[in-house]
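# Structure assessment
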Amino acid sequence: MPAIFSFATTVNMRSEQSAVNPPVISPTPCLKIRNMFDPDVETEDGWHVMIEDAILEKCIENGAGVVHIAVDKSSSEGCVYVKCDTHSSAGLAFRSLHGCWFDGRLVAVKYLTLKRYHQRFPVALEATERLNPSGSSPSSLVTFDPDEAEDEEDINDSDIEAY
């Protein structure tokens, strides 16, 4: 059965500053994203493309440009590596992805040095063109909007009268 790919942003009642405290300016254009998949569960052909597309869609939606992306299919931590076109884009991508839920898993993002990224992915040295989703994946993003949730009535068993 194929996994349902969706991002959902959690509502954080604390102020943005008291949350994770990411740096104001990204120290590097490279990110390591953890907990995007479980390699023991992902068996469908092209599953990695769906994950790449979901990340690209989320980044583009939030103004971040991605020039290289790599899914580590053998990673026990479900790691995906991303190189953005600028430090600013990496900051936008970090804030877009860190703390989101993806396919029932809480996503964690950390910065990775450019030197380390290029050691792992030498082909990324030449990557300068922004990537777009493949277009072969179904729409993969679902974002939780707390304003929409407030508009819906919360009905539970105690609200329903029995006749």
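First, a word on what this report is: a plain description of the structure on this page. (Residues numbered from 1 in each chain as written. Predicted model: local features only at pLDDT ≥ 70, side-chain atom pairs only at ≥ 80, totals over all residues. Heavy atoms only, no water.)

Across its full length, the protein chain holds four helices and seven strands. The linear arrangement of helices and strands in the protein chain, starting from the amino end, is β-β-α-β-β-α-β-β-β-α-α. Looking at the protein chain as a whole, 39% of its 163 residues are labelled buried. Contacts in the protein chain between residues at least 24 apart in sequence constitute 80% of all its contacts with a sequence separation of at least 6. Here the protein chain displays about 10000 Å² of accessible surface, and carbon together with sulfur accounts for 52% of that area. (Helix = DSSP H or I, 4+ residues; strand = E, 2+ residues; numbered from the N terminus. Buried < 20%, exposed > 50% of the residue type's maximum accessible area, 1.4 Å probe, protein only. Contact = heavy atoms within 4.5 Å. Areas by Shrake-Rupley, 256 points an atom, 1.4 Å probe, with all protein chains shown as cover.)

Among the secondary structure elements, Ile33 is positioned in strand β2 (residues 30-34). A C-alpha to C-alpha distance of 9.8 Å links Ile33 and Leu112, two positions 79 residues apart in sequence. In contact with Ile33, not counting residues within four places along its chain, are Ile55, Gly78, Cys79, Val80, Val82, Leu97, Val107, Ala108 and Val109.

Between its first and last C-alpha atoms helix α1 (residues 47-61) spans 21 Å; for 15 residues at 1.5 Å apiece the expected length is 21 Å, and the two agree. Counting buried residues in α1 gives eleven out of 15 residues, a clear majority hidden from the surface. For α1, every residue scored as buried is listed here: Trp47, Met50, Ile51, Glu52, Asp53, Ala54, Ile55, Leu56, Glu57, Lys58 and Cys59. Positive phi appears at Gly63, one or two residues downstream of α1, with a value of about 85°. (Expected span 1.5 Å × (residues − 1).)

What follows deals with the environment of Pro39. On the secondary structure map, Pro39 appears in the loop between β2 and α1. Excluding its chain neighbours within four sequence positions, the residues that come into contact with Pro39 are Lys73, Ser75 and Ser76.

Here we have four strands laid out as an open sheet, ordered β3-β4-β2-β7, and antiparallel in their pairing. Edge positions in the sheet fall to β3 (66-71) and β7 (108-112), since each of these pairs with one other strand and no more. Ignoring which end each strand starts from, the neighbouring axes of this sheet average 20° apart. Here β2 pairs with β7 via five bridges, running antiparallel. Paired with Cys30 across the strands is Leu112, a residue of β7. The sheet contacts of helix α2 (residues 87-97) involve β2, β4 (80-84) and β7, and relative to β7 the element is tilted by about 160°. (Pairing = 2+ DSSP bridges. Axes fitted to C-alpha atoms, helices over the stretch in contact; angles between N-to-C directions.)

Below, the discussion takes up the pairing of β4. Burial of β4 is extensive: five of the five residues sit out of reach of the surface. Note: β2 against β4, four bridges, orientation antiparallel. The partner of Ile33 across the bridge, within β4, is Val80. Strand direction decides the pairing type here: β3 and β4, joined by five bridges, are antiparallel. Residue pairing across strands places Ala70 opposite Tyr81, the latter belonging to β4.

Here the focus is the pattern of salt bridges. Applying the stated criterion across every chain yields a total of five salt bridges. Note that Arg105 is salt-bridged to Glu42, the shortest N-O span being 3.9 Å. Of this pair, Arg105 sits in strand β6 (residues 105-106) while Glu42 sits in the loop between β2 and α1, and the two are 63 residues apart along the sequence. Taken as a pair, Arg105 and Glu42 share a single burial class, namely buried. One network of salt bridges, in which partners are shared, links Glu42, Asp103 and Arg105. (Salt bridge = Lys/Arg side-chain N within 4 Å of Asp/Glu carboxyl O.)

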